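Here is how the chains run, residue by residue.
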Amino acid sequence: MNAVLHFLLSLILAWNISAAIPAFLSPRFKSGLSAVIRTIFLFVICLFPIVPFFVRTYIISFILFVIYILVFFKGQKEKMISFSVIFFAVIGSWSYLSTWWIHWISREALPFGMGIFTAALLLILEILYFSIFQAYFRQVSDSMLLESFTARMWNYSTFIAMAPSVLILTLVVSPPRNLFLLQALTFFAIAASTVIFPLLYQMGRSAKLAEENSRLRARSEYYQGIEAQQQDIRKLKHDLMNHLTVIATYLDLGENDKAMEYLKEIGARFSELTMQYTPSTLINAILNYKRQKAAAEGLNLVIKADMESRTEGDETDLCTLIANSLDNAIEANPPDKMITLELLEDGERLLFSVTNHCRKAPEMAPDGSFISSKADKANHGLGIRNIREAVMRMGGKTEITARDGVFRVYAEVPLKR
């Protein structure tokens, strides 16, 4: 009976965990056969008992589970590590509880009827737990909130998820003699491993709200740019009568050359305020606003644009990409005073790049991101992250490089025909 009970408990554990993992990590192999092999592999891991005083059982189970994740799934390194720890906390806690109960049933030599009742109670308890577990993990996976997680947030999640695993490892190394305390600590580890999922949900919500606030601030900046541009146009129109008076005076005096030169100057000023780079009024406003901002800093922003189609994502995402890239370039204050932006169509893709020279290559973090040189790093260095996230939402890819004194933001985004 003990072998059958262990088999059933391991099967329930493997089945539920195998169904939960693909909600967060992309399977490396898509076929139905690979899904079956994946479940069987996990079932074998869950069959491996974690028992008191045998630390090797715990370590071997964890190593096998990490291999399982690396072989059958793919994704961001920090995310894979985090979910390896999160899900093994559930597996380790239940494996320890199941093994201990089965050992207790065998040791106490319970009557057959009492043994059946205890085994059924343990099965019902595990089934009830995983019904709650499924509700929790589906809440997180269906909300798509984890897309906003940064590498640092995944590292925090890993650290938090280690708590129940460390508790179970402690119980394996030195289980308390008080059986009530041992059971209470085991159930606490199971509860803690489950609470991680609503905690991820709340962390995801916070990250998503921060992201939305960033987009709202960006949108506000876009419309401020449009308002500034319209204000300059209104000023020009307000002074139009004065300009016409000057031109008429030149003509009355027969100074036609001066009248023509003055007229060209007014036309150039009006043209600078209303340059049409793309069919999008919003993108044109951003480009005009950033060009004026660069000019105010003594920089020459060269814009090469050939865009007729819309991107797959929200137009605001493309504006986020443009605005943050140009802000970084302007803030870098390139020594040659040149910034080049390209916005070109290539078949089904939009190719975007902003290039500028830099006095000093920016410092790069281990995860491939760039570290802000400002003292207030908590509130700066977000531009690169906003760029990556905006391109990701549009279904594109980003490449940000700093080589030979040249900083370049490059992105490819699919077009909507």
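Residue numbers here run from 1 along each chain, matching the order of that chain's written sequence. Only residues with pLDDT of at least 70 get local features here, since the model is predicted, and only at 80 or more are side-chain atom pairs given and counted; chain-wide, interface and lining totals rely on the full set of residues. The basis for the side-chain values is all heavy atoms of the structure; hydrogens and waters are excluded.

1. Remarks on the overall build of the protein
Numbering of helices and strands runs from the N terminus, with a helix taken as a DSSP run of H or I at least four residues long and a strand as a DSSP run of E at least two residues long. Counting its regular elements, the protein contains 12 helices and 10 strands. Every one of the 417 residues in the protein was classed for burial, and the buried ones make up 43%. Contacts between residues were defined by any pair of non-hydrogen atoms, one from each residue, lying within 4.5 Å. Considering only contacts in the protein between residues 6 or more positions apart, those separated by 24 or more positions represent 73%. Here the protein has roughly 22,100 Å² of accessible surface; of this, 62% comes from carbon and sulfur atoms. Throughout this description, buried means an accessible area under 20% of the type-specific maximum (1.4 Å probe, protein chains only), exposed means over 50%, and partly exposed covers the range between. All accessible areas in this document rest on Shrake-Rupley with a 1.4 Å probe, and a residue is counted as covered only by the protein chains that are shown.

2. Considering a nonpolar patch on the surface
A cluster of nonpolar side chains, contributed by Phe-29, Phe-41, Phe-48, Ile-59, Ile-60, Ile-63, Leu-64, Ile-67 and Val-71, occupies part of the molecular surface with about 690 Å² of accessible area. Tallying contributions element by element places helix 3 (residues 55–72) first for the nonpolar patch, with 6 residues. Of the residues examined, Ile-59 reaches a relative accessible area of 42% and is grouped as partly exposed. Here a patch means residues that are over 30% exposed by relative accessible area and free of salt bridges, tied together within 9 Å if like-charged and within 5 Å if nonpolar (Val, Leu, Ile, Met, Phe, Trp, Tyr). When a carboxyl oxygen of Asp or Glu is within 4 Å of a side-chain nitrogen of Lys or Arg, the pair counts as a salt bridge.

3. With respect to the packing of helix 2 (residues 32–47) against helix 3
Simply put, an axis is a line fit to the C-alpha atoms, just over the touching stretch for a helix, and the angle between two N-to-C directions goes from 0 to 180 degrees. Relative orientation of the contacting elements helix 2 and helix 3 amounts to 170 degrees, with a least axis distance of 10 Å. In terms of orientation, helix 2 and helix 3 fall into the roughly antiparallel class. Where helix 2 approaches helix 3, its residues Ser-34, Ile-37, Arg-38, Phe-41, Leu-42 and Ile-45 are matched on the opposing element by Ser-61, Leu-64, Phe-65, Tyr-68 and Phe-72. Counted by class, the contact of helix 2 with helix 3 contains 8 nonpolar, 2 polar and 1 charged residues. Should an angle lie under 35 degrees it is considered roughly parallel, over 145 roughly antiparallel, and from 65 to 115 roughly perpendicular; all remaining angles are considered oblique. Throughout this entry, Asp, Glu, Lys and Arg are counted as charged residues, while Ala, Val, Leu, Ile, Met, Phe, Trp, Tyr, Cys and Pro are counted as nonpolar. The remaining residues, Gly among them, count as polar.

4. Details of the packing of aromatic side chains
The description of an aromatic ring pair uses the distance of the two centres, along with the angle that the planes make with each other. Between 30 and 60 degrees the pair is tilted, below 30 it is stacked and above 60 it is edge-to-face, where a pair is any two Phe, Tyr or Trp rings, Trp via its six-membered ring, whose centres lie within 6.5 Å. Under the definition given, this model contains 21 aromatic pairs. A centroid spacing of 5.8 Å and a plane angle of 25 degrees characterise the contact between Phe-41 and Tyr-68, whose relative ring orientation is stacked. Highlighted residues: Phe-41 in helix 2 and Tyr-68 in helix 3, separated in sequence by 27 residues. Look at Phe-41 and you get partly exposed, because its relative accessible area is 30%. What links up through ring pairs into an aromatic cluster is the set Phe-24, Phe-83, Phe-87, Trp-94, Tyr-129, Phe-130, Phe-133, Trp-154 and Phe-197.

5. Section: the confidence of the model for the protein
Residues shown with low pLDDT carry predicted positions that ought not to be read at fine detail. The predictor rates its confidence in each residue with pLDDT, a number between 0 and 100. Overall, the prediction assigns the protein a mean pLDDT of 80, with 83% of residues at 70 or greater. Low pLDDT (under 50) marks residues 374–381, which in the prediction has 6 contacts with non-local residues, meaning those over four places away or in another chain.

6. Digging into the nonpolar core
Side chains of nonpolar character tend, in soluble globular proteins, to be buried together. Here, nonpolar core refers to any group of buried Ala, Val, Leu, Ile, Met, Phe, Trp, Tyr and Cys residues whose side-chain atoms link them within 4.5 Å. Ranked by internal contacts, the top residues of the largest apolar core, which has 62 residues, are Ile-17, Phe-87 and Phe-133. Elements with a minimum of two residues in this core: helix 1 (2–20), helix 2, helix 3, helix 4 (77–108), helix 5 (112–143), helix 6 (151–173) and helix 7 (179–238). With 15 residues, the single largest contributor to this core is helix 4. In terms of nonpolar packing, the next biggest core, distinct from the first, is built from 35 residues, Leu-282, Ile-322, Ala-329 and Val-409 among them.

7. Regarding the pattern of salt bridges
This model, assessed by the stated rule, comprises 7 salt bridges. Between Asp-346 and Arg-349 there is a salt bridge, with its nearest N and O atoms 2.4 Å apart. The exposure class of Arg-349 is partly exposed, given its relative accessible area of 31%. Several salt bridges share partner residues, and in doing so they unite Asp-346, Arg-349, Lys-397 and Glu-412 into one network.

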